[in-house]
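# Report on the structure
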Amino acid sequence: MKFGVSTFLTDQGIAPAALGRAVDERGLDSLFIAEHTHIPVDRRTPYPRGGELPEIYYRTLDPFVALAAVAAVTERLLLGTGIALVAQRDPIVTAKEVASLDLVSGGRAVFGVGIGWNREEMANHGTDPRTRGRLVDERLQAIRELWTREKAEFHGEFVDFDPVYSWPKPVQQPHPPIYVGGGEGAFHRVAALGDAWLANSTSPDELGPQIERLRSLAGRDVPVTVYAVPQDPEVLEGYARLGVERVLFSLPTVPEAETLPHLDRFADVAGRFR
């Protein structure tokens, strides 16, 4: 089982390049960062975890700018979005951003995606929250066409363009892996469009039956990465028994001096499984 880090990068925490170097130096395999373009002042959608929305949601850096900075100072680390809000993103621009990251990193981009939860945020992008699932599916299909065809075109309900040239193409073939985030409601998207499932942290007892249902639906052995896991060796051993490919430790958003001890603890826990 592999070990990585998931976090929110903001203007108040450790800088992207410093974090990337520190994660890489400790032998962890990946860095996944969150995305929110903005937070509406008048927000009626409740925070899924309850209570007040943490300040980090208001201050996230652009994921592709931040990951490009990480790419420049690392050679091995996988660079993931965790997650990119495809319901809020133009597919042609996004295809170019992911492909560019894959190129400048030498083939290390991971496109973690989801449909999002903040209805007011997506509405500001012109997205109807009621149809965001279908919209995301079409945009992912269009992005794959842009990555894999010299002359790409797409004609759907939400995405429509005649043949276009879109370069660069990704280094990874046929394209960077798409990690689909979400619960069981996203299983059809994982099966149809995903290369892996980016699962929310849950107990191994709950996750095991979910993995079985997903793989039954998909008809294949879908790899699983678990997001925001605890540093509990017993829980991690449970994930390992399930055949989870990777777990992502949740890193708080704090300055560099406070970040490094967290990473030391992550590396220590991960080392027990090697």
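Fair warning: this is a prediction, and the values are worked out from it, not measured in the lab. (Residues numbered from 1 in each chain as written. Predicted model: local features only at pLDDT ≥ 70, side-chain atom pairs only at ≥ 80, totals over all residues. Heavy atoms only, no water.)

### Details of the environment of His 262
- Tracing the backbone through its elements, the reader meets His 262 in helix H9 (residues 256-271).
- C-alpha separation for the pair His 262 and Ser 250, spaced twelve residues apart in sequence, amounts to 9.5 Å.
- Those residues in contact with His 262 that sit more than four places away from it in its chain are Leu 251 and Pro 252. (Helix = DSSP H or I, 4+ residues; strand = E, 2+ residues; numbered from the N terminus. Contact = heavy atoms within 4.5 Å.)

### Some details on unusual backbone geometry
- Looking along the chain, the bond that leaves Gly 82 and enters Ile 83 is cis, with omega of 5°.
- Assignment of secondary structure puts Ile 83 in the loop between strand E3 (78-81) and strand E4 (84-85).
- The omega angle of the peptide bond from Trp 167 to Pro 168 is 5°, so this bond is cis rather than trans.
- Residue position: Pro 168 is located in the loop between strand E7 (160-164) and strand E8 (178-181).
- Unlike most non-glycine residues, Ala 228 shows phi in positive territory, near 60°.
- Residue Ala 228 is classed as buried on the basis of its relative accessible area, which comes to 17%. (Buried < 20%, exposed > 50% of the residue type's maximum accessible area, 1.4 Å probe, protein only.)

### With respect to the packing of aromatic side chains
- Using the criterion set out here, one finds ten aromatic pairs in the structure.
- For the pair Tyr 47 and Tyr 57, a centre-to-centre distance of 5.4 Å together with 75° between the ring planes defines the contact as edge-to-face. In this pair, Tyr 47 is assigned in the loop between strand E2 (30-33) and helix H2 (63-73) and Tyr 57 in the loop between E2 and H2, connecting sequence segments ten residues apart.
- With a centroid separation of 4.7 Å and an interplanar angle of 15°, the aromatic rings of Phe 249 and Phe 266 are classed as stacked. Within this pair, whereas Phe 249 is found in strand E11 (residues 246-251), its partner Phe 266 is found in helix H9, the two being separated by 17 residues in sequence.
- Taking the relative accessible area as the measure of exposure, Phe 266 reaches 0% and is therefore buried.
- Members of the aromatic cluster, each reached through a chain of ring pairs, are Phe 3, Phe 249, Phe 266 and Phe 273.
- Residue placement shows Lys 169 over the ring face of Trp 167; its charged tip is 5.0 Å from the ring centre. (Phe/Tyr/Trp six-rings, centres within 6.5 Å; stacked < 30°, edge-to-face > 60°. Lys NZ or Arg CZ within 6 Å of the ring centre and 35° of its normal.)

### Here we look at a nonpolar patch on the surface
- On the surface, a nonpolar cluster with roughly 260 Å² of combined accessible area is contributed by Leu 103, Val 104 and Val 171.
- Structurally, Leu 103 can be placed in helix H3 (residues 91-104). (Patch = residues over 30% accessible without salt bridge, like charges linked within 9 Å, V, L, I, M, F, W, Y side chains within 5 Å. Areas by Shrake-Rupley, 256 points an atom, 1.4 Å probe, with all protein chains shown as cover. Salt bridge = Lys/Arg side-chain N within 4 Å of Asp/Glu carboxyl O.)

### Section: the nonpolar core
- Ranked by internal contacts, the top residues of the largest apolar core, which has 65 residues, are Phe 111, Trp 197 and Tyr 239.
- The element best represented in this core is helix H5 (residues 132-148), accounting for six residues.
- Not counting residues up to four positions away in its chain, the partners in contact with Tyr 239 are Met 1, Ser 201, Thr 202, Ser 203, Pro 204, Leu 207, Val 226, Val 229, Val 244 and Val 247.
- With 15 residues, the next largest nonpolar core counts Ile 39, Val 110, Tyr 179 and Ala 228 among its residues. (Core = buried A, V, L, I, M, F, W, Y, C linked by side-chain atoms within 4.5 Å.)

### Focus: the pattern of salt bridges
- On inspection of all chains with the given rule, the structure shows 17 salt bridges.
- With a shortest N-O distance of 3.4 Å, Arg 59 and Glu 55 are connected by a salt bridge.
- Residue Arg 59 is classed as partly exposed on the basis of its relative accessible area of 30%.
- When its relative accessible area of 45% is taken as the criterion, Glu 55 is described as partly exposed.
- Close ionic contact of Glu 184 with Arg 213 constitutes a salt bridge, the shortest N to O distance being 2.6 Å. Here Glu 184, found in the loop between E8 and helix H6 (187-193), pairs with Arg 213, found in helix H7 (residues 204-218); they are 29 residues apart in sequence, far enough to count as distant.
- The class of Glu 184 is partly exposed, set by a relative accessible area of 35%.
- What makes Arg 213 partly exposed here is its relative accessible area of 41%.
- When salt bridges with common partners are traced through the structure, they connect Asp 11, Glu 55 and Arg 59 into a single cluster.

### Concerning H3
- A rise of 1.5 Å per residue sets the reference length of H3, with its 14 residues, at 20 Å; its end C-alpha atoms lie 20 Å apart and thus fit the reference within 8%.
- Buried within H3 are the following residues: Pro 91, Thr 94, Ala 95, Val 98, Ala 99, Leu 101 and Asp 102. Axial view of H3: buried residues confined to an arc of 155°, hence all on one face.
- Of the surrounding secondary structure, the elements contacted by the buried residues of H3 are H2, E3, strand E5 (109-114) and H5.
- With a side-chain oxygen lying 2.9 Å from the backbone nitrogen of Ile 92, the N-terminal cap of H3 falls on Asp 90.
- Gly 106 occupies a position one or two residues after H3 and carries a positive phi of about 75°. (Expected span 1.5 Å × (residues − 1). Arc of directions from axis to C-beta. Polar contact = N/O pair within 3.5 Å; in protein donor to acceptor, adjacent residues only side chain to side chain.)

Geometry only, nothing functional implied.
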